[in-house]
Structure formats: C-alpha cells, structure tokens
Amino acid sequence: MKKFVYSFDEGNKEMKSLLGGKGANLAEMSKIGLPVPSGFTITTEACNKYYEDGKSIDPSIKEMIFSNLDKLEKTTNKKLGDLNNPLLVSVRSGAVISMPGMMDTVLNLGLNDEATEGLGNLTKNPRFAYDSYRRFIQMFGDVVLGISKYKFDNVLDKVKEANGIEDDTELSVENLKEIVNKYKDIVKKETKKGFPQDPKEQLMMAVTAVFESWNNARAIVYRNINEIPHHLGTAVNIQSMVFGNMGESSGTGVAFTRNPSTGEKELFGEFLINAQGEDVVAGIRTPKAISELKDIMPNIYTEFVEVTKILEKHYKDMQDIEFTIENDKLYLLQTRNGKRTAKAAVNIAVEMTNEGLIDKKAALMRLNPQQIDQLLHPTFKLDELEKARRISKGLPASPGAATGKVYFTSEEVVEASRRGEKVILVRIETSPEDIEGMVSAEGILTTRGGMTSHAAVVARGMGKCCVAGCGEIKVDEHNKVFRIDDIEVKEGDFISLDGNSGIVYEGIIETKSAELIGSFGKIMEWADEIRSLKIRTNADTPRDSEVAVNFGAEGIGLCRTEHMFFKENRILAVREMIVAKTKEEREKALNKLLPFQKEDFIGIFEAMESRPVTIRLLDPPLHEFLPHKDEDIKALADELNLDYNGLRETIEDLKEFNPMLGHRGCRLAITYPEIYQMQVRAIIYAAIHVIQEKDIKVEPEIMIPLICHEKELEIIKKLVNETANEIMREENVQLKYKVGTMIEIPRAALTADEIANHAEFFSFGTNDLTQMTFGFSRDDSGKFINEYREKEVFEKDPFARLDQSGVGKLVEMAIKLGRSTRKDIKLGICGEHGGDPDSIDFCHRIGLDYVSCSPFRVPIARLAAAQAVIKNRTDECR
Ligand code: PEP
Ligand code: MG
C-alpha cells in the first residue's frame, strides 16, 4: 500500500516534491534537533488522488491520517477533543514551490465547547482558551465553511466598540464568550447546522478544504504568473499547536536571516507579544522590529539568533523563519529559502560566496535570470526627484521607482492598465484577492501593514515597487480619493513611489536607466568567466547600441534596417520609392534615402566600436510603409504631386492576402534589386568612413532575410559583391565584409547544406521559423494561444520559448547541414528566443556561437548562458 502520510521524523529536505516545501523543511528541522512541534504531512500525491477520485479522500488515506494522529497524541501526551488535556493542531497547506498566502490554513483545530473549557482549566487561562476558540470558529468558518470573514469581523468590532476596547488583547473572558456565541450563531444561520463539535470531523473537513484551496482562483492566477505547473498538488501539514497568545511570556513572529530588500547581513523581521501568526501578517496590530525582542526576552533572542545561524549554514541560503514563543519557550514553525528582491538576491549570492558558504557556480545558479530584469529597470532621475513634491512617507517595502495614475481597487487597476495607462494601486491593505491588480500596477501603496504584510511580501516576489504602512494617508475608497492633511489625491491623479526610501511624491517623475555595478557587476564577471555562448544584441539605433554595450553586448546580431525607414524625415522618400512606376523613379527616391542610411550605419558602427555588426537588408512587405486612410493618402498624393485616384489604386494593388507570406524579405530584392543595392552602398560607405575617420575596425556582416532557396541567395550575394566591389574600386580601398542569411523558413533549414554554399553565416530567425513551422500567424496567434496554454496543449507560448522538439529540431538539422558544407560557418539566433533563458540553454546545447537579444535582456542572457554551462556540466570555460 502506497504511503500517503509521513510523520515529521520520517522525512527530510530532499522530499519536497512529495511533502511540499513546508513539510520537507519541518522534517529536516526536526532531524537536526531544532525545536519543532510534532506533526505529520499528508503528501501531494494524496492531494492529486483526491482530485483523481472525483474530490473524495480515499478511506485508506483517512486511515493513515488517523493512525498518524494516534501517534501524535502519544508523542504529545494529549488527545484531540479531550475534555481534560486537549490536543490542538494546525492544518496548513504546503506546495512544492512556495505560493505564499495563496492557499488555506486552519489553526486551533480540535476545539469545541467542552475542549475549550478543558483547555481553560488546564492552562488556568480561560481567556486564552476562549480567544483561541473564537479565532478557530472564524478561521474554520471562513476557510472550510465559506462564510465571509467580514461577518465575523463585524461582531468582533461591535463587541469592542460596545466595551470601549481598542486592542484585541484587552477583550475579557466574558467578551470572548459573547463573541464565540455570536460566531456560532453566524455558522448556524449560514450553514443551517451547528458548528461541528467532533474534532475528527473538523480535521477531515479542514484537510479537504486545503486540498480544495489548491484550485482556488488566486492560487491558479499565482501559478499562471509564476509558471508553476498545475498538476503538482499541495501537501497538508498537521502539527500540534503551540500558542503565542498565552500571555505576556508568549508571542509570535517572522524573521529573515538577511534583509530581503537589500541583502544586508542582519536579522530582519517582526514579532508580536501575546498573538498568533495571523496577527503579524494581517497588519491588524503593528508588530515590533525583531531587534526589540532582545530587550523584552533576552534569552529567547539569543537562542533565536543561534537557531537562525544554524539554519542558514545548514541550508546555505537566506532563510525566512516563522517562530512562536509559548510560555518562554521557543518553537520553530517553518523555514524556507526567503523570497527576496533581485537586488538582495545578487548581494546575498556574492556575499555568501565571499564568506565561503557557496562557490561561484552555486552563486550563479541561485539567481533567476528573469528576476535580474528588475535590476535593469530605471530609477528616478535625481534632478527630477529634487524638484518633486513629497507628500508622504511609508515603509520602503519593495524597491524600485514607479509613476502612475491612482486607482483604489484591483479591478479598476486591471481595466486602466488594459487601456494602456500606467497605474498605482492604492489600498488600505492588500489581500490575496488583489493579486491581479498588483500584477497590472506599476507600484503599490498601502496605508496599513509592515514589511512582512501581504503587500510587501508579494510585491517583493514580483519585483514591484511597493510603499507599505503609509499611515498618514487616509483612504476614502467610496469617494475614490485619499488625503494627507489638506492634500487631496483623486482617482486618475498621478503620483510617484520610491520603493527604496518609502517616499510618496505628487505627479510624474522621470526615470533613468540602471547600471551594472557592485555585486551585479561581480555576478556578470563570474558569468562571463564561465559562459561559452557569445551575447549579441538586436539594435537599430546608436542609442540602443550604446545601452546594449553598457550591458555587455559583444556585437549586434540583428540590425533591422526597416525601423530606420519609419523616421519622420525619410518616410516620404520611402513611400516615393514604393509607389514608383519605373526603375528610374525608384532609384531617384532611393538616392534620397542613401545619405540617411549611411548616417545611421556610421552611428551604429561608432557605438559598437570594433564589435561585429550584422545588418539585415529590408524585410517587411512594402505595403506596411504606406498610408491606408483616405485623408492620409490624399496628403501623400499632394506631397508627391501624384493623382489621388492613381495613388489609391497603386496602394490597393500592393495589398496582399497573406503579407507575411507575400512580397517581402529577399523577394523584394529579386524583383527590385536597386533597394538592396542602395542599402549595401550605405553600409560599405559607412564602414569605409568609420575605418578612415575614426580608426575603428569594421567588418560588416550583411544579412539577407527570408531565403528559402539557395538560388535566391546566389543571385543576391552576386548583387551585394558587385555593389561593394564597385565602391571599393571607386574609393580605392579594400574592405572585409561577410554575406550571410537568416534561416527562418522551414525549407531553408531543410536545405541548409545548399544554402551554406553561399552563406558565411546563418542567423536563426526563430520568430518567422516558429510562425511557419506551426502555421500560426505571429500577429494573430494571441487570440488563441492563451487557451492553448490553459488546456495544456503548450506549456508556454512557442513565440516566447523555443519549441525545442519541433522548431528546435529544424534548427539542429540546419546546423548539421550547414557545417557539413562550410565547417567554420558562424551560427547565431536573433529571434525573440535569444533572450529567453530556457531557449538560451537549448542554444548552448546545440552548439550555436551566439544569441542575440534586446539590449535590456543582455545581462539576463549572460547569466543564462553561464547557467547553461553549469547545468549541462561541461567544463567549457573561455
Ligand atoms: C525572426 O523572424 O526571427 C526575426 C528575427 O526577424 P523579424 O522578427 O524581424 O521577422
Ligand atoms: Mg523574420
């Protein structure tokens, strides 16, 4: 019989996929002798079986749960539901990959009317017993019975108000008894049954609720955002309760072994005396900084510091620890690798390497290349910041800079961002229901809650700027406005948040780009030592080229020349060229474009210094450059001195049913060779200019797009060579240049050996190659691809992550065929996949020379390329 339940002394930290992260770590902490309350874990397989069995718990699993419960009762010497010595347990979810706050938890399970009396007598603390009971009914009511939490909160607030009480800890036994009775009335009214009094029934209901919470709406959204597979299931941890709410010698808290915002090596966290865990996260009472525990409970503090050191050394990573103090005794309830900002991740990885805790390779593997993205985004410009009006200050909960329009609900944020607005979500406090709004917002501002509040934790995980606990702001959600003294900020007004300082500013503040310095620079240096793939960039302006070089680009892998055609001062000449009726007319227009193109290339060659630059000749269908609205066509006819009707007809004629499969790419040059001729002239003139004037070594790589047959390339290469030779003769110089092609049509991949006869390099255009291999339009697939993902046809959009088994197979085949003809052919990729870490791993494995990606992804690609070497366990070092 398969084992579906493990007690904590049977597991260890390697068993995450079966016991979930929490269960595996509780078992590990028990194993290394740390003070963990006893318990057991129901496996993720049991959760999956629950769903396979049509949402029912198999009797054999129920039996295993009860037999482990027996064992737990023996270990603790207590009994679930016992009148004299009741055992209380917590029932917590525990996914394989942590999903903080997304699933359900029930605390204090096992209490009923009699056991509460018993607990009060046993602890000589009836206040504590009734406080636990009211918490249990509310939590069980909300999580298991589906009764809105606010119904219970209303009762609590009314009793507090009636008795002039501010803080929950001031509630008397009588108050608590009254609350319990009213809570039970709510349950009866809502469920038509009394509150369940049988603890075993409570337990099975709670386990079912936790299984169910794996598929609640927010958990599904969270998994979609974080690309966590939906089939993993959650484990359930049943653990004997320890109580932080037993009085002044008890408490509870959370702490990180290093600062999760900055990575600084300091114990960072919060605690509350006389409270249970949910009080800390809920932001109802304001917690104290962990350093204050030193004064209040010096012995416990010393012990806790010791434990944090043991845990960090044991896990070799920054830990996020939950603890409870019950009557002056410390217990650990959870440890896990702490979520952190990208800045903290980089700093911690470098510092732990310097401390000798991990090595360089481990440091590189620790970092999530996607997360690094956060460090590459802008911060406020200092001069702009000085001019800005500061309106308030809260806690710097998650770093970054954000500017946007204020909205007060998650739904409004989502809608506004769909309209293309940049938005700041302003809430009193956030809850897991706000997850979609948080994803869509540029930044989050809350008026309540600390550094470990929901808003803070989730925003840090997302790399989103967040200012939390900004208490002086009064939010009036009803009237969609917030106020600070006499300042009023309405829905739709702009504010700016500085997540590094916690300062809130009025209006828009301009931002500046990031730099690769400090620990980040170190990580990049280590990545460069290890990686074998070269990293180039896709850039078509000198500005982008400079940004990319600053981020470490080693060349340009794709310069799309058509982007230059759209600029204000040249689009007219481009249009004149397109609508030309004769070769002469076309050449006349092209001659107007030549100086512009030459200037463009000079700028790029200078910005790239002597790094290689691949320039692709014109690719899109000509129709894309023409106006479509009547008034625009009229204006063009006037500007070009043409007859309006004639021009309209020409534009009509150029329309295609499938422009992506139409007259574009090299096909344009087969029909109008003078277009490519002009571009080649511009490239060669620019290269000669830069070599002669700036003493920069330039060897242009001229790339022909959309080749499907070797003959096309043969003809165009001849044209390129003749044009280049003519200039070199004219100028009396010798210039080295290469001619190569993109492989972006399946036929080109299949006949790559033939194409390589004429190509000195291949660059895989995996955007078009994906389009043509799948037969999915690049521009229209958005309409159905999400549904494909939801139905798990694809794990990921194939336009974002390379489809290794299909498109990837074509790429591999083309590499082999290409090399069989030309051993030293240079091979790269310039489709969007060149910046995707998973696809970069593939590119490394199949032996490409370089990947090319947008400037902001260059550092991500450098890291991913190093990780590819480490993951694939080769000893390639440059
Ligand atoms: C490609 O097709 O992958 C490519 C890089 O070219 P473009 O995206 O410009 O079609
Ligand atoms: Mg293409």
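All figures in this text were calculated on a predicted structure; none of them were measured in a lab. Residue indices begin from 1 for each chain and proceed along its sequence in written order. Written order determines the labels here, with chains lettered from A and ligands numbered from 1. Local features are withheld for residues below a pLDDT of 70 in this predicted model, meaning they are given only at 70 or higher, and side-chain atom pairs are given and counted only at 80 or more; totals for whole chains, interfaces and linings count all residues. By convention in this description, side-chain values take in all heavy atoms of the structure and omit both hydrogens and water.

> Explanation requested: the packing of aromatic side chains in the structure shown.
In this analysis, rings of Phe, Tyr and Trp, with Trp reduced to its six-membered ring, are considered paired at centre separations within 6.5 Å, and the interplanar angle assigns stacked below 30 degrees, edge-to-face beyond 60, and tilted for intermediate values. Counted according to the given criterion, the structure contains 22 aromatic pairs. One aromatic cluster is present, formed by Phe-774, Phe-776, Phe-784, Tyr-788 and Phe-794 through successive ring pairs. Placement of a charge over a ring requires the Lys NZ or Arg CZ to be within 6 Å of the ring centre, with the centre-to-atom vector within 35 degrees of the ring normal. Sitting over the ring of Tyr-6, Lys-3 keeps its end group 4.8 Å from the ring centre. Directly above the aromatic system of Tyr-644 lies the positively charged group of Lys-634, at a separation of 5.1 Å from the ring centroid.

> Would you explain the environment of Asp-824 in this entry?
Comment: elements are numbered from the N terminus, with helices defined as DSSP H or I runs of at least four residues and strands as E runs of at least two. Secondary-structure assignment places Asp-824 in the loop between helix 34 (807-821) and strand 32 (826-829). Through-space distance from the C-alpha of Asp-824 to that of Glu-760 is 8.3 Å; in sequence the pair is 64 residues apart.

> For this particular structure, what's the right way to read the sheet that holds strand 16 (residues 401-407)?
Sheet strands pair via backbone hydrogen bonds, and the direction of the pair is either parallel or antiparallel. Strand pairing is defined by DSSP finding a minimum of two bridges between the two strands. Here we have 8 strands laid out as an open sheet, ordered 14-24-23-16-17-18-19-15, and mixed in their pairing. Since the sheet does not close on itself, it has two edges, and those belong to strand 14 (390-393) and strand 15 (395-398), each with one partner. Adjacent strand axes in the sheet meet at a mean angle of 30° when their direction is disregarded. Every residue pair with non-hydrogen atoms within 4.5 Å of one another is taken to be in contact. To get an axis, fit a line to the C-alpha atoms, keeping to the stretch in contact for a helix; angles then go from 0 to 180 degrees between the N-to-C directions. Contacts between helix 17 (residues 410-418) and the sheet are confined to strand 16 and strand 17 (423-427), with strand 17 contributing the most and set at about 175° to the helix.

> Would you explain the sheet that holds strand 8 (residues 251-256) in this entry?
Ordered in space as 10-9-8-11-12, the 5 strands form an open sheet in which the pairing is antiparallel. The sheet is open, and its two borders are formed by strand 10 (288-289) and strand 12 (329-337), each paired with just one other strand. Two elements, strand 9 (residues 268-273) and strand 10, share 2 bridges in a ladder whose sense is antiparallel. Within strand 10, the position partnered with Phe-271 by the bridge is Lys-288.

> Could you clarify how one ought to interpret unusual backbone geometry in this entry?
Most peptide bonds adopt trans geometry, and most residues besides glycine take a negative phi value. The backbone of Asn-274 sits at a positive phi, close to 55°, despite the residue not being glycine. Mapped onto the elements of the fold, Asn-274 is located in the loop between strand 9 and helix 10 (277-282). Positive phi outside glycine occurs at Lys-316, with the angle close to 50°. Take Lys-316: it is sitting in the loop between helix 12 (298-315) and strand 11 (319-326). Accessibility here uses a 1.4 Å probe with only protein chains present; expressed as a share of the type maximum, an area under 20% marks a residue as buried, one over 50% as exposed, and anything in between as partly exposed. Overall, the relative accessible area of 39% leaves Lys-316 in the partly exposed class.

> Is there a simple way to think about the site of ligand 1 in this case?
The cutoff for a nearby residue is simple: one of its non-hydrogen atoms must lie within 4 Å of the molecule or strand. Around ligand 1, the structure places 14 residues, and the nearest of them are Arg-560, Gly-765, Asn-767, Asp-768 and Arg-778. Pairs of N or O atoms within 3.5 Å make up the polar contacts considered here, provided that, within protein, one atom can donate a hydrogen while the other can accept it, and that residues adjacent in sequence are counted only when both atoms are side-chain atoms. Between ligand 1 and Asp-768, the relevant distance is 2.9 Å, taken from an oxygen atom to a main-chain nitrogen or oxygen of the residue. One of the side-chain nitrogen or oxygen atoms of Arg-778 is found 2.8 Å away from an oxygen atom of ligand 1. With residues, only the protein chains shown are counted as cover, and all accessible areas are computed by Shrake-Rupley using a 1.4 Å probe. Compared with its free state, where it exposes 290 Å², ligand 1 has 96% of that area covered by protein. Elements with a contribution of two residues or more to the shell around ligand 1: strand 27 (556-560) and helix 32 (766-774).

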